[in-house]
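# Results of the structural survey
The lines below spell out each chain.
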Amino acid sequence: MRQNDKAISSYIKSNGILTILTAITVISVIASLCIGTYPLPFSKAFEIMMHFIWPWSSDYNTEWTAKEIIIIELIRMPRVLLAVFVGVALGISGTALQGMMRNPLVGPDLVGVASGAAFGGVLAVMMDMSSYTMVIMAFGGGMMGMVMTFALASLSKSESNGMTLILSGIFVGAFLMACVGLGQFFANDGQLNEITFWLLGTLTRANEERVWTIAIPTLVGGSALMFIRWRLNILSLNDTDAMSLGINVRLIRWVIISIVAWIVASQVAVSGIVAWIGLVIPHFARMLVGPDHRSLLPASALLGALFVLAIDALTRTVIQEEIPIGVLTTLIGTPIIILIFWKKQTKGWISD
Amino acid sequence: MFSISPFREGSWVIFFVFMGFMTFSLLRPLPVIVPNIPMHTVLDGDNTPVQMPLAVKGIVGWGSFLPMTHRPDLLYKGGGELGRKIFSMYIISWIYPDVLNDNAVWGTPYNLEALLAYDDDIVVINNVYFGGMAFGSDDLQRLGIHAIETSSKIENDDEYLKSNVRVMNTLVKQPQFTHTVLDRYFQGFLTLEHDLQPQKITDRPNVIGVGAPSNNWARLFVIRIDEVKQNQLALSSPTKQELASGRQQDPERILSIDPDIIMLLGTERRDFMSDPRWQGLKAVQTNKVYENSMKISGSRYDIDNLPIGARWMAEITHPEIMRPKLRETITKYYSDAYGYTLSDTQLDDILLIDKNKDASGYKRFMRQGGSCEAK
Amino acid sequence: MINSALFIQKKTPLILGILLLSTIIVSLGFGSYPIDYNRITEIILHLLGIGDYAVTLKEIAIIEYIRPPRILVATLSGIALGVSGAALQGMMRNPLVEPNLVGVTGGAAFGGVLAIVIGLAQAGTILLSFIGGLGALLSTFTLAKIMNLRSDGIALIMAGFFVGSFCLAGVGFLEFYDKSGALPNIVYWLLGTFRGADFTKLLLISTTTLIGLTVIILLRWRINLLSLGDVDAMAIGIDTRKLRWIIIIIVTFMVSSQVAVSGIIGWVGLIVPHIARMLVGPDHRLLLPTSALLGGLFVLGLDTITRSVTQGEIPVGVLSAFIGTPIVSFIFWKTKTKGWNE
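Residues numbered from 1 in each chain as written. Chains lettered and ligands numbered in written order. Predicted model: local features only at pLDDT ≥ 70, side-chain atom pairs only at ≥ 80, totals over all residues. Heavy atoms only, no water.

### Quick word on the overall build of chain A
This is how it is decided: Numbering of helices and strands runs from the N terminus, with a helix taken as a DSSP run of H or I at least four residues long and a strand as a DSSP run of E at least two residues long. Each radius of gyration is computed over the set of C-alpha atoms, and the globule rule expresses the reference value as 2.2 Å times the number of residues to the power 0.38. Partly exposed residues are those whose accessible area sits between 20% and 50% of the maximum for their type, while under 20% is buried and over 50% is exposed, using a 1.4 Å probe and protein chains only. Contact definition: two residues touch when any of their heavy atoms are within 4.5 Å.
Summing up its helical and strand segments, chain A has 14 helices and 0 strands in all. In chain A, the order of α-helices and β-strands from amino to carboxyl end is α-α-α-α-α-α-α-α-α-α-α-α-α-α. Taking 20 Å as the expected radius of gyration for a compact globule of 352 residues, we find that chain A reaches 21 Å, a close match to that expectation. Seen through its C-alpha atoms, chain A measures out along the principal axes to roughly 65 × 60 × 40 Å. The buried share of chain A, reckoned over its 352 residues, is 62%. Of the contacts formed within chain A by residues at least 6 apart in sequence, a portion of 76% connects residues at least 24 apart.

So, in structure tokens, the structure goes:
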């Protein structure tokens, strides 16, 4: 009986937290749209926003000036959407990878996707391509990075138990970053500026194309990951147990990694390398809802969105500069992760 | 095993649907922006007609606006503290000290919304940079911010300057000033050509620009000065086949090129001359190393200083042909253009007399009958 | 048959040493400024005061001030990286460990860049590099220990990757924060280059490398014993904890000064010990000197190539990545995963 009580109370607890989290996130999204540098009162911003979202609205209220409408529709909406999607993409990817690899130090750059995307983007800047083409190049680069990692891992004669994959991901990533460095070396001053800031991760260039580029993989891929998330629970046992439960471990691994690569490639393509979110958010979410992936994955998605929204709101209102978001996530994420690891010192992670 | 809980599924499904819904809103057509102040058409750098406010209240972006239009009252925002620092390196900051000291001018908008908060009759020239990313006039026009591109990818330096001057002056409704500025600019080169007689020159010395910020020789870079078209009057370019300009270089390359004259950019002459690596260079042995500054040659598109910088180089490279006329030229130019008289001390500062006094032939740039003596 | 093979193996360090010295001398002839070997001989003799040859100041500048520091700094960097890689691999019993992968180079770079941004003098830069490197390495170990009860194996590399990317992110932040135009400065640092070598840097790196090399060579027998496993080693009487600490500090010492002098050069500490192992086997008494000399040859060779062949002077760190990747792929192909976790 006591065990049941405990199970039930944790069940309620995690569900309760999830509900609250969803509510908070939705409210935050709406609130982010109403704040900004331009002097626009909240109520007016809210009205304009509602009018914009609702597909069946009537004509524009003449009280609103053109500038105010532009602020909401062209500046804030793409930006907030981009922020949310970046957070969701990285949160889900990080959690999925950590669960699959049974390793808490794994990040979305596991299979060299982020480095590949960075390389594609750098190549595009060096060749003076338009912003839109750069996104495509970065995406292509990311997928190429993944293919390279798989190729390297498949060279190894040992059974692919994930370790090989991680290692090849690290090496491929290092190689691609060396190529990025080479590009930086040959760039002239204007290009170097753009490359460097893009590599640090930025939401400044939010526009419709970019939002669509990241929205589709994140929503579609994210949903796919959500559908199979209970299998992640099973994957966290070791391989033999999982297979005895009827899960095709190799296939699931491939699927998860491919989806994650797709999502991360699109994320890096639109906003550069945003560090730490994929590493910190899963831990944080785990502290809130426990290690059950059925609650953990949604929680990470929501927390990721919240985190990036909060940082972005900070940049847009309080801080007097457009600081690249990767810088801020590093600054804020590092103490958090130190704290988390400190607390976890007593608990082992990987069973020996 | 499955235990689908409405809370768990609901949390993410609701959220994803919500986000999808918001994303679809981006597909809605945007409002047409009707300007509410009188506008007129200006041809921008590509000769494309653009609608600009008739009465421009201010310009964002210092760039070369001041030298090309002489309208300090119209400079609204000139870029942040870094912009102010760069501004103070030019002679024009002496001429318009109010601009230099006005804090309002050097507070820059830090994101798009702040830019949008300015009045409608503020115009942005060329690009603004937020967080390292450049936003051009296309991006800004789309957001209803008036922005104009004063010249696009024009290769020829002269055409670039002409286009800039024309667009800026048309924008602030003084089109006739275009001719004044351009005439003065071309006159400077005509006079130089007349004095130099370049077609008669047979012996052209090999000149390159060298610099190593903070004496960190790992960052040694070389500039081919003759790449700037305006300098080609006076300089030769046998270095063409060997050197990529502006790139970081190996010290050995400079030794193998062994130029006749070296212009230093960003390095102190003292440090360069005393470094053991460069002792073998004939430029060092003949003292033909000269420290350059922003006040002499300006930047690549500095309409005031390009003729002056070219003249400086011509007097250094061909001292036998050119009479020492640089000080008078500079004084006369600034007096004609801005009504500003440069004192002797200021001229010494501009020409870096103190740093270059040991260089070969630099005596010609000093005050006549002054106390500075060269070796 | 076996005797002669063993004989050659034992003499490998000697052979390599001679090879290295000759390469150093030969490298004197490479560079953008063309000087042929006869001329070089004349110049050297002139500098030594023997004979009476007419030499120009330029040639003196090159042979005395420009090329030797660069050549020697490259060689010493290679030696430092080679021997550090071998020592780390021996200590960790893990063939995929190298100074770059455990975060030392990232930490040293972070410290060095921080020093530049604050505006410290040369000595301060070196000190901060060392502190940064040490801090990073310790963080890696701590992290690996938390995540896994053993402090070797995959967890170490992952922790190193984690710490390394944190340090590089920190460098990125400093890049952004310092707007005084030092951007290209830091980029070159991150890629590894020997272009700015002068006598001060040479002095620094030779001191640290020679000290570190001596210490590690003296410990080479004990590092052999480490591979037996902690329990057995302690039974023989080796204080494994102290030994590990000494190795850590010495490696950090050498690698931080290398990074302070010439930037991040990865991959060398990984592949050189492997090649050395293929030549002389796993006995550290031979392996350590061989790795050192091979490392010196490798980096010197890379630098000579980049100095003379490529016009644009590709940074050494990039070249080592390009060469290292196929070699690592080869290692992947040959090794089995199981062997790493023992």
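Moving on from the model shown.
### Some points on the confidence of the model for chain A
Operational definition: pLDDT is a per-residue confidence score from the predictor, ranging from 0 to 100.
Chain-level pLDDT for chain A is 82 on average; 91% of the residues reach the 70-or-more range. Taken as a whole, residues 348–352 of chain A scores under 50 in pLDDT and shows 10 contacts with residues more than four places along the chain or in a different chain.

### So, the packing of aromatic side chains
As a reminder of what qualifies: We call Phe, Tyr and Trp rings a pair once their centres come within 6.5 Å, taking the six-membered ring for Trp, and we label the pair stacked below 30 degrees between planes, edge-to-face above 60, and tilted otherwise.
Counting across every chain of the model gives 21 aromatic pairs over all chains. Between Trp-276 of chain A and Phe-162 of chain C the ring centres are 5.0 Å apart and the planes differ by 50°, which places this aromatic pair in the tilted class. Within this pair, whereas Trp-276 of chain A is found in the loop between α11 (249–271) and α12 (277–289), its partner Phe-162 of chain C is found in helix α6 (residues 154–177), the two belonging to separate chains. In this structure, Trp-276 of chain A and Phe-162 of chain C share a single accessibility class: buried. Centroid distance Phe-87 of chain B to Trp-106 of chain B: 5.2 Å. Interplanar angle 40°. Geometry classified as tilted. Of this pair, Phe-87 of chain B sits in helix α3 (residues 81–88) while Trp-106 of chain B sits in the loop between α5 (97–101) and α6 (112–116), and the two are 19 residues apart along the sequence. Of the two residues, Phe-87 of chain B and Trp-106 of chain B, both sit in the buried class.

### As for the sheet that holds strand β5 (residues 122–125) of chain B
All names here are of chain B. Note the threshold: When DSSP finds two or more bridges between a pair of strands, those strands are recorded as paired.
Pairing is parallel in the open sheet, where 4 strands are placed in the order β4-β3-β5-β8. Two strands close off the open sheet at either side, each with one partner strand: β4 (75–77) and β8 (147–148). As paired strands, strand β3 (residues 58–60) and β4 are joined by 2 bridges and run parallel to one another. Each bridged residue has a counterpart across the sheet, and for Val-60 the counterpart in β4 is Lys-77.

### A short note on the nonpolar core
For clarity, the threshold we go by: To form a nonpolar core, buried Ala, Val, Leu, Ile, Met, Phe, Trp, Tyr and Cys residues must be joined to one another through side-chain atoms within 4.5 Å.
Counting residues in each nonpolar core, the largest one holds 237 residues, and the members touching the most others are Val-84, Phe-171, Leu-225 and Ile-256 of chain A, Phe-15 and Leu-140 of chain B together with Ile-216 of chain C. No other element matches the 22 residues that helix α3 (residues 66–101) of chain A contributes to this core. Dropping the residues within four chain positions of it, Ile-256 of chain A is found in contact with Ala-96, Met-100, Leu-225, Ile-228, Leu-232 and Leu-235 of chain A. Val-56, Leu-161, Leu-306 and Ile-330 of chain B belong to the second-largest nonpolar core, a separate cluster that totals 66 residues.

### Quick look at a nonpolar patch on the surface
Applied cut-off: Patch membership requires over 30% relative accessible area and the absence of a salt bridge. Like charges are linked within 9 Å, and nonpolar side chains (Val, Leu, Ile, Met, Phe, Trp, Tyr) within 5 Å. Per-residue accessibility takes into account occlusion by the displayed protein chains alone, with areas from the Shrake-Rupley method and a 1.4 Å probe. A side-chain nitrogen of Lys or Arg and a carboxyl oxygen of Asp or Glu constitute a salt bridge if their distance falls within 4 Å.
On the surface, a cluster of nonpolar side chains totalling about 560 Å² of accessible area is made up of Leu-155 of chain A together with Ile-275, Met-278, Leu-279, Phe-330 and Trp-333 of chain C. Elements with a contribution of two residues or more to the nonpolar patch: α12 (268–280) and α14 (316–334) of chain C. Considering every element that reaches the nonpolar patch, the biggest residue donor is α12 of chain C, with 3 residues. Within the secondary structure, Trp-333 of chain C is located in helix α14.

### Comments concerning α3 of chain A
Residue and element names in this part refer to chain A. Selection rule: Multiplying 1.5 Å by the residue count of a helix minus one yields the expected span of that helix. What the bend at a residue measures is the angle between two axes, fitted to the seven residues ending there and to the seven starting there.
Taking 1.5 Å of rise per residue, 36 residues should cover 52 Å, and α3 covers 51 Å from first to last C-alpha, within 8% of that figure. Where α3 bends most, the angle comes to about 40°, and this point is Arg-76, followed within four residues by the proline Pro-78. Where burial is concerned, most of α3 is hidden: 35 out of the 36 residues are buried. Of the residues flanking the end of α3, it is Arg-102, one or two places downstream, whose phi is positive at about 55°.

### Observations concerning the interface of chain A and chain B
This is how the line gets drawn: A simple way to read buried area is as the amount of 1.4 Å-probe accessible surface that goes missing from two parts once joined, with both sides added.
The interface of chain A with chain B comprises 69 residues on the first partner and 48 residues on the second. Roughly 5,300 Å² is buried in total at the junction of chain A and chain B, and carbon and sulfur atoms are behind 69% of that figure. The largest contributions to the chain A side of the interface with chain B come from Lys-67, Arg-205 and Trp-212 of chain A, which together make up 11% of the buried area. Inspection of the region where chain A meets chain B yields 3 salt bridges.

### Comments concerning α12 of chain C
Residue and element names in this part refer to chain C. Under the 1.5 Å per step criterion, the end-to-end length of α12 is 18 Å for 13 residues, consistent within 8% with the ideal 18 Å. Of the residues making up α12, those classed as buried are Val-268, Gly-269, Leu-270, Ile-271, Val-272, Pro-273, His-274, Ala-276 and Val-280. Among the residues trailing α12, Gly-281 stands out with phi positive, at a value near 85°.

### Considerations on the side chain of Ser-300 of chain A
All names here are of chain A. Relative to the helices and strands, Ser-300 is located in helix α13 (residues 293–318). Its relative accessible area of 0% is what places Ser-300 among the buried residues. In this structure Ser-300 touches Gly-91, Thr-95, Ile-281 and Ala-285, once residues within four positions along its chain are discounted.

### Looking at unusual backbone geometry
Notably, His-70 of chain B is not glycine yet its phi reads approximately 55°, a positive angle. Position of His-70 of chain B relative to the elements: it lies in the loop between α2 (65–69) and β4. Taking the relative accessible area as the measure of exposure, His-70 of chain B reaches 16% and is therefore buried. Despite not being glycine, Trp-267 of chain C has its phi angle at roughly 75°, a positive value. Structurally, Trp-267 of chain C is set in the loop between α11 (240–262) and α12.

### Here we look at the packing of α12 of chain C against helix α13 (residues 284–308) of chain C
All names here are of chain C. Our working rule: Helix axes use the C-alpha atoms of the stretch in contact, all axes being lines fitted to C-alpha atoms, and the angles between their N-to-C directions lie in the range 0 to 180 degrees. When describing relative orientation, an angle under 35 degrees is termed roughly parallel and one over 145 degrees roughly antiparallel, while 65 to 115 degrees is termed roughly perpendicular and anything else oblique. Left-handed is the label given to a crossing in which the near helix is rotated counterclockwise from the far helix by less than a right angle, and right-handed is the label when the rotation is clockwise.
Two numbers describe how α12 lies on α13: the axes approach to 8 Å, and their chain directions differ by 125°. Relative to α13, the element α12 is oriented oblique. α13 is crossed by α12, and the crossing has right-handed handedness. Contacts from Val-268, Ile-271, Val-272, Pro-273, Ile-275, Ala-276, Arg-277, Leu-279 and Val-280 of α12 reach α13 at Leu-286, Leu-287, Thr-290, Ser-291, Leu-294, Gly-295, Phe-298 and Val-299.

### Some points on the pattern of salt bridges
Within the structure shown, the criterion is met by 31 salt bridges over all chains. Notably, a salt bridge pairs Arg-311 of chain B with Asp-195 of chain B, separated by 2.5 Å at the nearest N-O pair. Residue Arg-311 of chain B is located in helix α14 (residues 305–317), and its partner Asp-195 of chain B is located in helix α9 (residues 176–196); the two are separated by 116 residues in the primary sequence. Here Arg-311 of chain B and Asp-195 of chain B have matching classes, each one buried. Ionic pairing is found between Glu-268 of chain B and Arg-270 of chain B, a salt bridge with its closest N-O pair at 3.3 Å. Overlapping salt bridges bring together Arg-76, Arg-79, Asp-312 and Arg-316 of chain A together with Glu-113 of chain B as one network.

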